[in-house]
Amino acid sequence: MTAYARYVALGDSQTEGLGDGDDVTGHRGWADRLAGHLARANPDLLYANLAVRGRLAGQIRSEQLAPALAMRPDLATVMAGMNDLIRPGCEPAAVAEALEEMYAALTKSGAHVVTVTFPDIGKIAPIARPLRPKVLDLNARIRAAAARHGVTVVDTFTMEFVTDARMWGTDRLHASPEGHARIAAALAHSLGLPGSDDTWMLPFPPSPPAPAWRVAAAELRWLATFAGPWIGRRIRGRSSGDGRTAKRPELTPWAEPAASREGTPGTR
């Protein structure tokens, strides 16, 4: 087992940690949780998180790749592409090209790279069902590019629990705290870190079926609260990441916040 010393995370809002905390107290997220597990194996771990919400795959490549390479990581995670997929006219081939350039450059520099495939977003937000073919296309390209460059893939598309509502926050775009914990556990397991196992794959306990009126009300509330504002930003050419910078732009020693020292599924 490799004791990683320099971990750099590249990505968008999922890697930044949205859905696990807030803008006042700070966002934890799966990358911070993974860094905590890495630090248990190597207390001298240095960690940088370059992710910024709203970024497209091409923007992540142009803005984050060079700074990441300059840090000479021995471990890098790359999660990008969902912001592209939910925009009209997205071409999965172009997204995959940006991802592969990051895989190639990071692995060539000596980093072990870990990436993920995307879930069936139509099962998370029914309005997104027409995007399923593009998700399948991008996932296939991710797997192929990862194979060409020796990148580890956490492939969760076929796992039913990944689309369980409890994996996702109320906006259905960002993982819930439990979701972030499971993503971190999945990556820790893929790396063979001490204390990791496959319990992150366990399905959630059954939940009682909701009456149809409650489901309909939840859909309307989601459309008004989250989908509407998102569409409005697209029309105005705005992004949730406008004016924002990375939360950990430099490699610094990892110190887990006292309030966050709870167990993580699959990484106890």
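From a predicted model like this one, the values you see are computed outputs, not experimental measurements.

How each quantity is defined
Residue numbers restart at each chain and count upward from 1, following the sequence in its written direction. The model is predicted, so local features are restricted to residues of pLDDT at least 70 and side-chain atom pairs to those at 80 or more, both for listing and for counting; the totals for chains, interfaces and linings are taken over all residues. Hydrogen atoms and water are omitted, and side-chain values are computed over all heavy atoms in the structure. The secondary structure listing takes helices from DSSP runs of H or I that are at least 4 residues long and strands from runs of E that are at least 2 residues long, numbered from the N terminus. A 1.4 Å probe rolled over the protein chains alone gives each residue an accessible area, and that area as a share of the maximum for its type sets the label: buried under 20%, exposed over 50%, partly exposed in between. It only takes one pair of heavy atoms within 4.5 Å for two residues to be counted as in contact. Computed with a 1.4 Å probe, the accessible areas rest on the Shrake-Rupley method; for each residue, only the protein chains presented here act as cover. In this analysis, the protein atoms alone were mapped onto a 1 Å grid. Cavities are point sets where a 1.4 Å probe fits without being able to get out; pockets are open sets with protein on both sides within 12 Å along at least five of seven lines; lining residues have an atom within 4 Å of a point. Grid points are joined across faces, edges and corners, and a volume is the space filled by probe spheres set on the points. The nonpolar class holds Ala, Val, Leu, Ile, Met, Phe, Trp, Tyr, Cys and Pro. Asp, Glu, Lys and Arg form the charged class, and all remaining residues, Gly among them, are polar. Here, strands pair whenever DSSP counts at least two bridges between them. In this analysis an axis means a line fitted to C-alpha atoms, helices contributing only their contacting stretch, and an angle means the value between N-to-C directions, from 0 to 180 degrees. Here a polar contact is taken to be a pair of N or O atoms separated by no more than 3.5 Å, where protein atoms must pair a possible hydrogen donor with a possible acceptor and residues adjacent in sequence count only if both atoms sit in side chains. In this description, a nonpolar core means a group of buried Ala, Val, Leu, Ile, Met, Phe, Trp, Tyr and Cys residues linked to one another through side-chain atoms lying within 4.5 Å.

Trainee: So what exactly am I meant to see when it comes to the overall build of the protein chain here?
Mentor: A tally of helices and strands in the protein chain yields nine helices and eight strands. By the burial criterion, 50% of the 268 residues in the protein chain qualify as buried. Within the protein chain, contacts between residues separated by at least 24 positions form 79% of all contacts whose residues are at least 6 apart in sequence. Here the protein chain has roughly 12,400 Å² of accessible surface; of this, 59% comes from carbon and sulfur atoms.

Trainee: Sorry, what's going on with empty space enclosed by the protein here?
Mentor: One way to see where empty space is left: roll a probe the size of a water molecule over the atoms. Applying the stated criterion across every chain yields a total of one cavity of 30 Å³ or more. Approximately 40 Å³ is the volume attributed to the largest cavity. Around the largest cavity, the lining residues are Asp 120, Lys 123, Phe 157, Thr 158, Met 159, Glu 160 and Thr 163. Looking at the lining of the largest cavity residue by residue, the classes come out as two nonpolar, two polar and three charged.

Trainee: Teacher, can you tell me more about the sheet that holds strand S5 (residues 75-79) here?
Mentor: Across a sheet, paired strands are connected by hydrogen bonds in the backbone, their directions being either parallel or antiparallel. Spatially, the six strands line up as an open sheet ordered S7-S6-S5-S1-S4-S8, and their pairing is mixed. Each having just a single partner strand, strand S7 (152-154) and strand S8 (248-253) make up the two edges of the open sheet. Taking the axes of each pair of neighbouring strands and ignoring which way they run, one obtains an average angle of 15° across the sheet. Judged from the five bridges that link them, strand S1 (residues 6-11) and S5 form a sheet pairing that is parallel.

Trainee: Just to check I follow, could you spell out unusual backbone geometry for this structure?
Mentor: Excluding glycine, a negative phi dihedral is what most residues carry, and trans is how most peptide bonds are arranged. A positive phi angle, near 50°, is found at Arg 72, a position not held by glycine. Residue Arg 72 is classed as exposed on the basis of its relative accessible area of 58%.

Trainee: What exactly am I supposed to notice about the side chain of Thr 163 here?
Mentor: On the secondary structure map, Thr 163 appears in the loop between S7 and helix H8 (177-190). There is a polar contact of 3.1 Å between the side chain of Thr 163 and the backbone oxygen of Glu 160. When residues no more than four places from it in sequence are discounted, the contact partners of Thr 163 are Pro 119, Asp 120, Lys 123, Ile 124 and Trp 168.

Trainee: Explain the nonpolar core here, please?
Mentor: Taken as a class, soluble globular proteins show a tendency for nonpolar side chains to be buried jointly. With 36 residues, the main nonpolar core has Leu 10 and Leu 99 as its most contacted residues. If you list the elements that add at least two residues to this core, you get S1, helix H3 (57-70), S5, helix H4 (82-85), helix H5 (92-108) and helix H7 (132-149). Per element, the largest residue contribution to this core is seven residues, and it comes from H5. Ignoring sequence-local partners within four residues, the contact set of Leu 10 consists of Thr 15, Ile 60, Gln 64, Leu 65, Ala 68, Ala 76, Thr 77, Val 78, Met 79, Met 102 and Leu 106. Residues Ala 9, Val 162, Leu 187 and Ala 188 belong to the second largest nonpolar core, which totals 33 residues.

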